[in-house]
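Structural overview
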Amino acid sequence: MRLVTRDREATGERILAAAAELFAEHGYDQVTVRMIASAAGANVALVNRYFGSKANLFATVLITASTVTAAIEGDPAEMPSRLAEHVAHRLRTGASEPLVRMLDRAGTSPEIRAVLAARVETGLVDAISARLPGPQARERALLATVIILGAGSLRRLLGPEGLHDADLTVLEARLETAFRACLAPAGG
């Protein structure tokens with residue numbers, strides 16, 4: 001029984017990894033369950049059995065794809081520094097946040113837009129605001145989310161060369177100042 005459980009977990013992980021790569025590269029509308037199954041070395045029926053539908057699989061990928069979670073978690077006082085480091089690294093190196101790539105390529109499906117909105121709400125806005133003391137935590141979290149998502153869009157527009165030569169220390173310091181301003185309570 002233990003081997004079956006591990007095999008099931010490994011298959012689920014292969015499906016998620018294949019879906020994440022394909023959704024980030026081609027967008028929700030262009031990816032089929034057949035493409036995902038092929039890339040994962042599984043069959044379509046197995047993908048559907050594990051995740052129910054392409055939309056459910058997409059939602060699951062969104063939950064697992066973001067790398068910003070580590071920057072949000074931890075001591076709230078140090079969150080601006082961690083977020084600045086995360087965003088500076090992505091801007092300077094051209095590393096791409098899978099969540100942001102999927103947001104950009106999600107297509108026009110209202111169902112998927114709703115899934116994306118929910119993921120941004122829970123994965124960024126709610127996660128950040130839950131760690132902020134004081135009033136208007138949601139408003140402050142939304143401002144930080146603007147920087148996080150906007151940085152990804154800017155990097156994609158300008159390419160990795162845009163800030164590739166920027167001094168990482170200066171870039172992080174400037175972003176930290178912006179995050180501290182966004183996340184601090186009014187008058188704080």
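These numbers come from a predicted model, not from an experiment.

Section: the overall build of the protein
Of the regular secondary structure elements, the protein holds 10 helices and zero strands. Beginning at the N terminus, the succession of helices and strands in the protein can be written as α-α-α-α-α-α-α-α-α-α. Within the span of the protein, comprising 188 residues, buried residues form 41% of the whole. Long-range pairs, those at least 24 residues apart, make up 68% of the contacts in the protein with a sequence separation of at least 6.

Observations regarding the side chain of Thr11
Looking at where Thr11 falls in the secondary structure, it is placed in helix α1 (residues 2–26). Each residue touching Thr11, except ones within four places of it in the same chain, is listed here: Leu46 and Tyr50.

Re the UniProt feature "DNA-binding region" (unreviewed entry) in the protein
The feature "DNA-binding region" (unreviewed entry), as annotated in UniProt, sits at residues 32–51 in this numbering. Secondary structure across residues 32–51 divides into 80% helix and 0% strand, with the first and last C-alpha atoms of the span separated by 14 Å.

A closer look at the nonpolar core
In this structure, Ile72, Leu83, Ile128, Ile148, Leu175, Phe179 and Leu183 are the most contacted members of the largest nonpolar core, which totals 27 residues. Counting only elements with at least two residues in this core, the list comes to α5 (69–72), α6 (79–93), α8 (110–129), α9 (137–158) and α10 (168–183). When residues in this core are grouped by element, the largest group, seven residues, is from α9. Excluding its chain neighbours within four sequence positions, the residues that come into contact with Leu175 are Ala84, Val87, Ala88, Leu91 and Ile147.

Focus: the packing of α6 against α10
When two helices pack together, you describe them by how their axes are tilted relative to each other and by the distance separating the axes. Running from N to C, α6 and α10 cross one another at 135°; their axes reach a closest spacing of 8 Å. With respect to each other, α6 and α10 are oriented oblique. Crossing geometry of α6 relative to α10 is assigned as right-handed. Listed contacts from α10 to Met79, Pro80, Ser81, Leu83, Ala84, Glu85, Val87, Ala88, His89, Leu91 and Arg92 of α6 are Leu168, Leu171, Glu172, Leu175, Glu176, Phe179, Arg180 and Leu183.

Looking at a nonpolar patch on the surface
Among the surface-exposed residues, Leu154, Leu157 and Leu158 lie close enough to one another that they form a single nonpolar patch of about 330 Å² accessible area. Examined against the element boundaries, Leu158 turns out to sit in helix α9. Its relative accessible area of 52% is what places Leu158 among the exposed residues.

Let's talk about unusual backbone geometry
Its identity is not glycine, yet Gln136 carries a phi of approximately 55°, on the positive side. With respect to the element layout, Gln136 can be found in the loop between α8 and α9. Of the residues examined, Gln136 reaches a relative accessible area of 46% and is grouped as partly exposed.

Topic: the pattern of salt bridges
One pass over the structure, following the stated rule, counts two salt bridges. Salt-bridge contacts for Glu121 lead to Arg138; the nearest nitrogen and oxygen are separated by 2.9 Å. Of this pair, Glu121 sits in helix α8 while Arg138 is found in helix α9, placing the two residues 17 residues apart along the sequence. Salt-bridge contacts for Arg180 lead to Glu176; the nearest nitrogen and oxygen are separated by 2.8 Å. With a gap of four residues between them, Arg180 and Glu176 both fall in helix α10, about one helical turn apart.

Observations concerning α9
Across its 22 residues, α9 extends 32 Å between first and last C-alpha, which sits within 8% of the 32 Å expected from 1.5 Å per residue. Three or more residues of α9 are buried, namely Ala137, Arg140, Ala141, Ala144, Thr145, Ile147, Ile148, Leu149, Ala151, Gly152 and Arg155. Viewed along the axis of α9, the buried residues span an arc of 165°, placing them on a single side of the element. Along α9, exposed side chains directed more than 90 degrees from the buried face belong to Val146, Leu157 and Leu158. Just downstream of α9, Gly159 is the residue with a positive phi angle, here 85°.

Procedures and definitions
Note on numbering: residues in each chain are counted from 1, in written sequence order. The predicted origin of the model limits local features to residues at a pLDDT of at least 70 and limits the giving and counting of side-chain atom pairs to 80 or more, whereas totals for whole chains, interfaces and linings rest on all residues. Excluding hydrogens and water, the side-chain figures rest on all heavy atoms present in the structure. Strands are runs of DSSP state E lasting at least 2 residues, helices are runs of H or I lasting at least 4, and numbering of each runs from the N terminus. Partly exposed residues are those whose accessible area sits between 20% and 50% of the maximum for their type, while under 20% is buried and over 50% is exposed, using a 1.4 Å probe and protein chains only. Contacts are assigned to residue pairs with any non-hydrogen atoms lying within 4.5 Å of each other. UniProt positions are given in the numbering used here, feature names are shortened, and annotations may be inferred rather than shown by experiment. In these notes, a set of buried Ala, Val, Leu, Ile, Met, Phe, Trp, Tyr and Cys residues joined through side-chain atoms within 4.5 Å is what counts as a nonpolar core. Here the axes come from fitting lines to C-alpha atoms, over the contacting stretch only for helices, and the angles between their N-to-C directions go from 0 to 180 degrees. Note that the term roughly parallel is reserved for angles under 35 degrees, roughly antiparallel for angles over 145, roughly perpendicular for angles of 65 to 115, and oblique for everything else. In this scheme, a crossing is called left-handed if the near helix is turned counterclockwise away from the far one by less than a right angle; it is called right-handed if the turn is clockwise. The patches reported here contain residues having more than 30% relative accessible area and no salt bridge. Joining distances are 9 Å for like charges and 5 Å for nonpolar side chains (Val, Leu, Ile, Met, Phe, Trp, Tyr). Only the protein chains shown count as covering a residue, and every accessible area follows the Shrake-Rupley method with a 1.4 Å probe. Each reported salt bridge corresponds to a side-chain nitrogen of Lys or Arg within 4 Å of a carboxyl oxygen of Asp or Glu. An expected span of 1.5 Å times one less than the residue number is assigned to each helix. What the arc measures is the spread of directions leading from the helix axis to the C-beta atoms.

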